[in-house]
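An overview of the molecular structure
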Amino acid sequence: MAVASLSALAVCSAALAGGPAGLAPASARSWRRTASQTVNYELAHASDGAVGAPVLLLPGFGAGAFHWRRNLKQLAHGSGSDVFAMDYLGQGGSWPEGAGAGGDSGLGYSIDVWIEQAEEFAREVVLKEGRGHHSRCHVVGNSVGGLIGAHLAVRYPELVESLVLVNPTPVWGSNLPGWDGVLPGPRLAMQTGAFLFDKIRDRSNIVRMLGETYATPETVGDLPDLIRRVTDENAGGHEAFASILWSAPATMPEGASSFEDVLRQVRADVLCVYGAQDPWCKPAFGRAAFRALSSRGSAARQALIELSPAGHCPHHEAPGPFNSLAVNWVRQFARESDVDAAPTEPLKPEELLAGCDGHEPVVAGAPPVSARWINADDNDISLWDRLL
């Protein structure tokens, strides 16, 4: 992936905000993955006791569990499910002990590492701490979190009740020559990574990238200062960024060579949610993903919803409509059958979109965000957008 794209995804994914009062607060917790690796996560319990399968929220690159603070409590309260948001190792506040001083030696910050971390977290934390004795969880992923979620659903179908893709990036990992991304790296690679990391987290660059990535820049607020503070608090950022730049793409399942090929192998029901004004993962990407999912020969269902105006992180920019949509999606899964069992009925637009309109914007004066159901035969994307 180009450095410009990587930096934009990092900046927009580092959004941080709180939620409205009146709901039980999410609790900050930690999971000891290994003797030297502690992963932070946040948990919001369903208000009246969980009855549905738990929900795992996967953030985008450069972010952490905090990226979902406008969604955690609302999803738990509305869906009747316990909701978990996880940091990736080397992101948010989750770093190996001694990171930046040799403590992450032997570790590569690749997407495969994050996929395996998500699998372990789902088994050891989500399905054990989530109430209701469920064997599967709903997986919701934004940006690279969507790509991780798709691979998780293919590699470990027994873990995934359903998948929600929120402006997923279809590619990750540049696989640059000369190094496999496992720390420590060659001197030139480390110096290059450190230089680019400092350029990307410069406050003026953060302001510019957020302005380009959010459809309504007013919703950004004081994010430039918050993002800069997060990068300053973690000593291993320079090494981690270098490792990410040089790391390989995700290991593909047999027979797959693209994101769309991966989606064709997902056995679970899938909801695609796209901010229509995303300058990176444009609506054409969503249509391509939806076509791939629709071509599956199984009984699994799929739906595509566009939120507008909204950019690459619609769950943060337009939490009201997004939370209503996600709650409606999760609540329909009361069945306890296998992932690939035939659904009881087809998805209905009026049920999935119920309550999505009429929400107060994040900031006063911001335009209202509408939700639109996209049919498989809709063809309103310009040839220019298809080529970009």
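Residues numbered from 1 in each chain as written. Predicted model: local features only at pLDDT ≥ 70, side-chain atom pairs only at ≥ 80, totals over all residues. Heavy atoms only, no water.

The subject of this paragraph is the overall build of the chain. Looking only at helices and strands, the chain has 14 helices and 9 strands in total. For the chain, with 388 residues in total, the buried portion stands at 57%. In the chain, of all internal contacts separated by at least 6 residues, the share reaching a separation of at least 24 is 79%. Per element, the accessible surface of the chain, about 15,100 Å² overall, is 53% carbon and sulfur. (Helix = DSSP H or I, 4+ residues; strand = E, 2+ residues; numbered from the N terminus. Buried < 20%, exposed > 50% of the residue type's maximum accessible area, 1.4 Å probe, protein only. Contact = heavy atoms within 4.5 Å. Areas by Shrake-Rupley, 256 points an atom, 1.4 Å probe, with all protein chains shown as cover.)

Pairing within the open sheet is mixed, and its 9 strands lie in the order 1-2-4-3-5-6-7-8-9. A strand with exactly one partner marks an edge of an open sheet, and here the two such strands are strand 1 (27-34) and strand 9 (370-374). Averaged over all adjacent pairs, the angle separating strand axes in this sheet is 25°, with direction ignored. One ladder, built from 4 bridges, connects strand 2 (residues 37-44) with strand 4 (residues 83-86); its direction is antiparallel. In the sheet register, L43 faces strand 4, and the bridge partner there is F84. Each of strand 2, strand 3 (55-58) and strand 4 touches helix 2 (residues 72-79); the most contacted strand, strand 4, lies at about 155° to it. Each of strand 3, strand 5 (137-142), strand 6 (160-166), strand 7 (269-275) and strand 8 (302-308) is contacted by helix 12 (residues 319-331), which is oriented at about 175° to strand 7, the strand it contacts most. (Pairing = 2+ DSSP bridges. Axes fitted to C-alpha atoms, helices over the stretch in contact; angles between N-to-C directions.)

It is possible for side chains of opposite charge to pair when their charged atoms get near one another. On inspection of all chains with the given rule, the structure shows 17 salt bridges. For the salt bridge of E129 with R29, the shortest nitrogen-to-oxygen distance reads 3.3 Å. Of the two residues, E129 is situated in helix 3 (residues 111-129) and R29 in strand 1; the sequence distance between them amounts to 100 residues. What makes E129 partly exposed here is its relative accessible area of 29%. Of the charged contacts in the structure, one is a salt bridge between D82 and R131, with a shortest N-O distance of 2.9 Å. Residue D82 is found in the loop between helix 2 and strand 4, and its partner R131 is found in the loop between helix 3 and strand 5; the two are separated by 49 residues along the sequence. Taking relative accessible area as the criterion, D82 reaches 0% and is therefore assigned buried. Residue classification places R131 among the partly exposed residues on the basis of a relative accessible area of 32%. Among the charged side chains, a network of salt bridges with common partners joins D112, E116 and R155. (Salt bridge = Lys/Arg side-chain N within 4 Å of Asp/Glu carboxyl O.)

Bringing the environment of H151 into the picture now. Along the chain, the position of H151 falls in helix 4 (residues 144-155). Placed 114 residues apart in sequence, H151 and Q265 show a C-alpha to C-alpha distance of 9.3 Å. Filtering out sequence-adjacent residues up to four positions away, H151 remains in contact with I115, A250, T251, M252, P253 and V262.

The complete set of buried residues in helix 6 (residues 203-213) reads N205, I206, M209, L210 and T213. Take helix 6 and look down its axis: the buried residues cluster within an arc of 130°, on one side only. (Arc of directions from axis to C-beta.)

Chain-level pLDDT for the chain is 86 on average; 86% of the residues reach the 70-or-more range. Counting interchain partners and residues more than four positions distant, the pLDDT-below-50 stretch residues 1-22 has 71 contacts. Predicted confidence is poor over residues 382-388, with pLDDT under 50, and the contacts of this stretch with residues over four places away or in other chains come to 8 contacts. (pLDDT = per-residue confidence, 0-100.)

It is worth spelling out the pairing of strand 7 at this point. Where burial is concerned, most of strand 7 is hidden: 7 out of the 7 residues are buried. Residues D269, L271, V273 and G275 line one face of strand 7 and the alternating positions V270, C272 and Y274 line the opposite face, and both faces are buried. Of the pairings in the sheet, the one linking strand 6 to strand 7 comprises 5 bridges and is parallel in character. When the sheet's bridge partners are listed, V166 is paired in strand 7 with V273. Pairing between strand 7 and strand 8: 6 bridges, direction parallel. Within the sheet, the bridge partner assigned to C272 lies in strand 8 and is L304.

For the rest of this paragraph, the subject is the nonpolar core. Core analysis: the biggest nonpolar cluster contains 68 residues, and Y109, F121 and I148 have the highest contact counts within it. For this core, the leading source of residues is helix 3, giving 9 residues. Sequence-distant contacts of Y109, that is, excluding residues within four places in its chain, are made with L89, G90, W95, P96, D104, W114, G181, L183, A240, S243, I244 and S247. L57, V164, V330 and L352 belong to the second largest nonpolar core, which has 33 residues in total. (Core = buried A, V, L, I, M, F, W, Y, C linked by side-chain atoms within 4.5 Å.)

This paragraph deals with the packing of aromatic side chains. Counting across every chain of the model gives 10 aromatic pairs. Between the aromatic rings of Y41 and F121, the centroid separation amounts to 5.1 Å while the plane-to-plane angle is 70°, which identifies the pairing as edge-to-face. Of the two residues, Y41 is situated in strand 2 and F121 in helix 3; the sequence distance between them amounts to 80 residues. Of the two residues examined, Y41 and F121, each falls in the buried class. Taken together, W31, Y41, F84 and F121 form an aromatic cluster joined through their ring pairs. (Phe/Tyr/Trp six-rings, centres within 6.5 Å; stacked < 30°, edge-to-face > 60°.)

Turning next to the side chain of N323. The residue N323 is located in helix 12 in this model. Polar side-chain contacts of N323 include one of 2.9 Å to the side chain of N71. If near-sequence neighbours (up to four positions away) are discounted, N323 is found in contact with R70, N71, Q74 and L75. (Polar contact = N/O pair within 3.5 Å; in protein donor to acceptor, adjacent residues only side chain to side chain.)

The next subject is the packing of helix 3 against helix 4. Between helix 3 and helix 4, the shortest axis-to-axis distance is 9 Å and the interhelical angle comes to 60°. Our pair here, helix 3 against helix 4, has a crossing hand that is right-handed. Taking contact as the criterion, the partners of I111, D112, W114, I115, E116, A118 and E119 in helix 3 are, on helix 4, V144, L147, I148, H151, L152 and R155. Looking at the contact of helix 3 with helix 4 residue by residue, the class counts come to 8 nonpolar, 1 polar and 4 charged. (Left-handed = near helix turned anticlockwise from the far one by under 90°. Nonpolar A, V, L, I, M, F, W, Y, C, P; charged D, E, K, R; others polar.)

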